[in-house]
Amino acid sequence: MSAAQCAWAAALCAGCAVWLAGAGRSRRRARALSAGFPGGSGPAAPALERATGWLRRGAGALGREWLCLPAAVLVAVAGASVLPLVAGVCAVPLVRRRLGARARRRAAERRGDAVVALCGTTAGELRAGAQPARALTDAAVATGGLGGDEGPVVAAVRFGGDAPGALRRAARAPGADGLVGLAACWQVAVDGGAGLAAGLDRLEDALRAESEQRLSLRAQLAGAWSTVGVLALLPLVGLALGAAMGAHPLRVLLHTPAGLTCLAVGALLEATGLWWAGRIVKAAEAA
């Protein structure tokens, strides 16, 4: 295997890692590249769009975590060793877990935004003269703020059941914490005769301020996450540079005792560093 082929294999592996770290951005990048041609439809634009579409459809059908296997096969062929293939197989469940956690977090954020919209829409319906039960049910259908728990909540609201209790049970879903405040507003309005619309307005403002604070914090930490990603890719860049200079780093790492020792120690340090950096950033997010 020549140095140029090793460099190409390392570069392809780095590209797969970047794509996994920023899933969903490849299509936008392809459009940005094609925008440089007149009318955005130059000779490279169709090829980029087709390649991106094939990649996204294949990853969507099998799961993006399975892209670890082609990268592992490339490294295994370039290094003439089965160790990268074993590492790629072991990486599949880890990447699946990471992607699943990211999907759950995004779903929780979408549901939280839907709860904010539910409060505002319900308050608007009440000011328009709708009854509380009708206002809440219509707003729930329009915004999806109750997620998959519309049935119990709507039944409790329409037929005089325990509406606050149903709302609190619905609030157990990730991202639906704001429904606890909606349940409190509903109970106070029913028991004490307080204005439900005014309470919902205050609840909406509080939830929206919390959401904006979370987005602001995430924007401030974006640089830290980018640094973590760059540091994670530096070993791959080093391998590509070594292969380009003719040092044959894969052969040294995979076929010599000293290289295997360096590979094991380096992988351990890399994993420890990523875990520690992620813990620091997540601690800042939690605070």
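Predicted, not measured: the structure shown is a model, and the values here were computed from it. (Residues numbered from 1 in each chain as written. Predicted model: local features only at pLDDT ≥ 70, side-chain atom pairs only at ≥ 80, totals over all residues. Heavy atoms only, no water.)

(A) Molecular detail of the overall build of the protein chain. Assigned secondary structure in the protein chain consists of 12 helices and 0 strands. For the protein chain, the α and β elements follow one another from N to C terminus as α-α-α-α-α-α-α-α-α-α-α-α. Within the protein chain, the fraction of its 287 residues that count as buried is 32%. The long-range fraction of contacts in the protein chain, counting pairs at least 24 apart against all pairs at least 6 apart in sequence, stands at 60%. Element-wise, carbon and sulfur atoms account for 65% of the exposed surface of the protein chain, whose accessible area totals about 16,600 Å². (Helix = DSSP H or I, 4+ residues; strand = E, 2+ residues; numbered from the N terminus. Buried < 20%, exposed > 50% of the residue type's maximum accessible area, 1.4 Å probe, protein only. Contact = heavy atoms within 4.5 Å. Areas by Shrake-Rupley, 256 points an atom, 1.4 Å probe, with all protein chains shown as cover.)

(B) Main features of helix α6 (residues 132-143). Over its 12 residues, α6 extends 16 Å from the first C-alpha to the last, a length consistent with the 16 Å expected when each residue adds 1.5 Å. Taken residue by residue, α6 has Ala135, Leu136, Thr137, Ala139 and Ala140 as its buried positions. Note on α6: the residue one or two positions beyond its end, Gly144, has a positive phi of about 70 degrees. (Expected span 1.5 Å × (residues − 1).)

(C) Just the packing of helix α10 (residues 196-244) against helix α12 (residues 257-286), in detail. Following both chains from N to C, one finds α10 and α12 inclined at 180 degrees, their axes separated by 10 Å at the closest point. Compared by their axis directions, α10 and α12 come out roughly antiparallel. Side by side, α10 and α12 meet where Leu217, Leu221, Ala224, Trp225, Val228, Leu231, Ala232 and Pro235 of the first sit next to Glu270, Leu274, Ala277, Gly278, Val281, Lys282, Ala284 and Glu285 of the second. Class assignment for the residues of the contact of α10 with α12 results in 12 nonpolar, 1 polar and 3 charged. (Axes fitted to C-alpha atoms, helices over the stretch in contact; angles between N-to-C directions. Parallel < 35°, antiparallel > 145°, perpendicular 65-115°, else oblique. Nonpolar A, V, L, I, M, F, W, Y, C, P; charged D, E, K, R; others polar.)

(D) Looking closely at a nonpolar patch on the surface. Nonpolar side chains collect at one region of the surface, where Val73, Val77, Val82, Leu83, Leu85, Val86, Val89, Leu260 and Leu263 lie side by side and expose about 700 Å² of accessible area between them. Of all the secondary-structure elements, those providing two or more residues to the nonpolar patch are α4 (68-79), α5 (83-127) and α12. Ranked by residue count, the leading element in the nonpolar patch is α5, at 4 residues. (Patch = residues over 30% accessible without salt bridge, like charges linked within 9 Å, V, L, I, M, F, W, Y side chains within 5 Å. Salt bridge = Lys/Arg side-chain N within 4 Å of Asp/Glu carboxyl O.)

(E) Expanded view of unusual backbone geometry. Not every positive phi belongs to a glycine, and Ala80 is a case in point at roughly 55 degrees. At His248, a position not held by glycine, the phi torsion is positive, near 55 degrees. According to the relative accessible area criterion, His248 is partly exposed, its value standing at 25%.

(F) Main features of α12. Helix length check: α12, at 30 residues, gives a terminal C-alpha distance of 43 Å against a target of 44 Å (1.5 Å per residue), a fit within 8%. Of all the residues in α12, the buried ones are Gly259, Gly278 and Val281. Buried residues in α12 make contact with α10 and α11 (249-255).

(G) Summary view of the packing of aromatic side chains. Considering all chains together, one arrives at 1 aromatic pair under this definition. Residues Trp275 and Trp276 carry aromatic rings whose centres are separated by 5.8 Å and whose planes lie at 50 degrees to one another, so their mutual orientation is tilted. (Phe/Tyr/Trp six-rings, centres within 6.5 Å; stacked < 30°, edge-to-face > 60°.)

(H) Representation of the confidence of the model for the protein chain. Overall, the prediction assigns the protein chain a mean pLDDT of 77, with 76% of residues at 70 or greater. Of the regions scoring below 50 in pLDDT, residues 17-44 engages in 37 contacts with residues more than four places distant in sequence or in other chains. (pLDDT = per-residue confidence, 0-100.)

(I) Just the environment of Ala123, in detail. Checked against the element boundaries, Ala123 lands in helix α5. Look at Ala123 and you get buried, because its relative accessible area is 0%. Spatially, the C-alpha atoms of Ala123 and Leu136 are 8.7 Å apart, while their sequence positions differ by 13 residues. Not counting chain neighbours up to four residues away, the residues in contact with Ala123 comprise Ala197, Leu200 and Asp201.

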